[in-house]
Amino acid sequence: MVRVEACSIGKLYGGVLVLDQVSVAFQPGLLTSLLGPSGSGKTTLLRVIGGFVAPDEGEIRFNGEDVTSVPLWRRNVGMVFQSYALFPHMTVEQNVVFGLNRRGVRGEAARKETARALEMVRLTGLERRRPKELSGGQQQRVALARAIVTNPRVLLLDEPLSALDRRLRQDMQIELRRIQRESGLTTVFVTHDQEEALTLSDSVAILDRGKIVQEGTPGAIYERPRTRFAASFLGDANFFTGRATQGGVETAAGLILTGYALPPIGTSATIAVRPEKMKIFGARSADFETSDENKIQAVVAEIVYAGAVSTILLKSADGGQIKVLTQNREMSLAAPGECVSLAWSAAHSVVIED
């Protein structure tokens, strides 16, 4: 297993700073997602790790060894591109064995390794088909088999699921996670899809404008985002800004209590609350009186039904929008225009950098 380190990586394209002193470590045998919007630098960082792009400054290290100047064909990395990049005139077997042949592995040894890779991605029996005869999910598996058949030191995945429809994408997330765990490869996965990052990753690094704004386990970042960008990009959040007081923040919507450390009393402070952490009560509900520490009033603006869940959009007393995510276990507690009460625990009021 290989520990990969990007150390103070900088990269300019046409005078635009794409990567700004990026430093991040990818732990051996784990899958780390690089998550961010278009133009954040995540694909450029992936290509720098693989040797497809040379950085303007900084180092890439594999197990402590500086490989920055090592050409890509000597780094022994496996790469799966967004478009899969399969050879259309070759069969599945020929596509997968191609990398082995380039490395001088032929004959029975190559056949055994190819069969092993195809078995891992569950494509045994489809060796003679060509890419056009496969579904999108099967093509993606061929690309994965081709990437892992050479026993690479590191596996790099550049949004490999983006071309699939939603249901197939969800199925392939599970399969990709299984394949990664069985192979034990240190894996770097580029995505702009927050659900994908939460589902697949052991660790997540969020990029914004060429910088890593937060990294950690998906659960740690989701439950304790450090910035407004991290809170809103990995998941969704309601924000309340006001002045710090003893134990909370005084906002136009009311006093918001928190269990987290606050800046000095009287200074500006912002709190983030995840929509699913909030509970909604009818204006006269007796349960509201014995509910969690934070309690505010709001008016229902719209209800967005999505099958198992609904998103309720509300207007607070200061005119700000609040989102509440509820499970559809029963008939709706509210209707547009109705005044309701919201409650949540102080433990779910996270103080963030604005």
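Just above, that's the structure.
Residues numbered from 1 in each chain as written. Predicted model: local features only at pLDDT ≥ 70, side-chain atom pairs only at ≥ 80, totals over all residues. Heavy atoms only, no water.

Engineer: Just to check I follow, could you spell out the overall build of the protein for this structure?
Structural biologist: Secondary structure summary: the protein contains 10 helices and 20 strands in total. Along the three orthogonal principal directions, the C-alpha set of the protein runs to about 75 × 45 × 35 Å. Split into buried and exposed, the 354 residues of the protein put 48% on the buried side. Within the protein, counting contacts between residues at least 6 apart in sequence, those at least 24 apart form 66% of the total. Carbon and sulfur atoms provide 51% of the accessible area of the protein, an area that totals close to 16600 Å². Distance from the positive charge centre (41 side chains) to the negative charge centre (39 side chains) of the protein: 7 Å. (Helix = DSSP H or I, 4+ residues; strand = E, 2+ residues; numbered from the N terminus. Buried < 20%, exposed > 50% of the residue type's maximum accessible area, 1.4 Å probe, protein only. Contact = heavy atoms within 4.5 Å. Areas by Shrake-Rupley, 256 points an atom, 1.4 Å probe, with all protein chains shown as cover. Lys, Arg positive; Asp, Glu negative; His and termini not counted. Charge placed at Lys NZ, Arg CZ, Asp CG, Glu CD.)

Engineer: Even after reading the chapter, I still don't get the packing of aromatic side chains, so can you show me in this structure?
Structural biologist: Describing an aromatic ring pair means giving the distance of the ring centres and the angle of the ring planes. For the structure on display, the rule yields 4 aromatic pairs. Consider the rings of F229 and F233, whose centres lie 5.4 Å apart with planes at 10°: the pair is stacked. You can see F229 and its partner F233 sitting in helix 9 (residues 228–233), 4 residues apart, about one turn around the helix. Note that R47 overlies the ring of F52, its terminal NZ or CZ placed 6.0 Å from the centroid. (Phe/Tyr/Trp six-rings, centres within 6.5 Å; stacked < 30°, edge-to-face > 60°. Lys NZ or Arg CZ within 6 Å of the ring centre and 35° of its normal.)

Engineer: When you look at the sheet that holds strand 6 (residues 77–80) in this model, what are you seeing that I'm missing?
Structural biologist: By way of backbone hydrogen bonds, the strands of a sheet pair with one another, either parallel or antiparallel. Within the open sheet, the 6 strands sit side by side as 6-7-8-3-9-10. Their pairing is mixed. Edge positions in the sheet fall to strand 6 and strand 10 (211–216), since each has one partner strand and no second. Recorded for the sheet is a direction-independent mean angle of 15° between the axes of neighbouring strands. Both strand 3 (residues 31–35) and strand 9 (residues 203–208) contribute to a ladder of 4 bridges, which runs parallel. When the bridges of strand 9 are listed, S33 appears paired with V204. On the sheet, helix 1 (residues 42–50) packs against strand 3, strand 6, strand 7 (154–158), strand 8 (186–191) and strand 9 and is oriented at approximately 150° with respect to strand 7. (Pairing = 2+ DSSP bridges. Axes fitted to C-alpha atoms, helices over the stretch in contact; angles between N-to-C directions.)

Engineer: Got a minute to help me understand the pattern of salt bridges in this structure?
Structural biologist: Any two side chains of opposite charge can pair, so long as their charged atoms come close to each other. Scanning all chains against the criterion turns up 19 salt bridges. In this structure, R166 and E195 form a salt bridge, with 3.8 Å as the shortest nitrogen-oxygen distance. Residue R166 is located in helix 6 (residues 166–183), and its partner E195 is located in helix 7 (residues 194–200); the two are separated by 29 residues in the primary sequence. Residue R166 is classed as exposed on the basis of its relative accessible area of 57%. Salt bridges here are not isolated pairs; linked through shared partners, they connect R122, R141, E175, R178 and E182. (Salt bridge = Lys/Arg side-chain N within 4 Å of Asp/Glu carboxyl O.)

Engineer: Looking at this structure, how should I read the nonpolar core?
Structural biologist: Generally speaking, soluble globular proteins have nonpolar side chains that are buried together. Formed by 33 residues in total, the largest nonpolar core has its most connected members in V96, V121, V142, L144, I148, L155 and L157. Examining the composition of this core, we find that 6 residues originate from one element, helix 5 (residues 136–148), more than from any other. Not counting chain neighbours up to four residues away, the residues in contact with L144 comprise V80, V121, L155, L157, L176 and I179. (Core = buried A, V, L, I, M, F, W, Y, C linked by side-chain atoms within 4.5 Å.)

Engineer: How should the environment of A110 be read in this particular structure?
Structural biologist: Turning to its location among the elements, A110 is positioned in helix 4 (residues 107–120). In the structure, A110 is positioned 13 residues away from V97 in sequence and 6.6 Å away in space, judged by C-alpha atoms. Among all residues touching A110, those that are not within four sequence positions of it are V97, L100, N101 and V105.

Engineer: Where do I start with helix 6 in this structure?
Structural biologist: Residues lying three or four places apart along an α-helix face the same way, a consequence of the helix completing one turn every 3.6 residues. Look at helix 6: 25 Å from first C-alpha to last across 18 residues, which is about the 26 Å you get at 1.5 Å a residue. Of the residues making up helix 6, those classed as buried are R169, M172, Q173, E175, L176, R177, R178, I179 and Q180. On the buried face of helix 6, the contacting elements are strand 3, helix 4, helix 5, strand 7, strand 8 and helix 7. (Expected span 1.5 Å × (residues − 1).)

Engineer: Mind showing me how you'd approach a nonpolar patch on the surface here?
Structural biologist: On the surface, a nonpolar cluster with roughly 330 Å² of combined accessible area is contributed by F52, L72 and W73. Inspection of the secondary structure assignment puts L72 in helix 2 (residues 72–75). On the basis of relative accessible area, L72 is assigned to the partly exposed category, the value being 33%. (Patch = residues over 30% accessible without salt bridge, like charges linked within 9 Å, V, L, I, M, F, W, Y side chains within 5 Å.)

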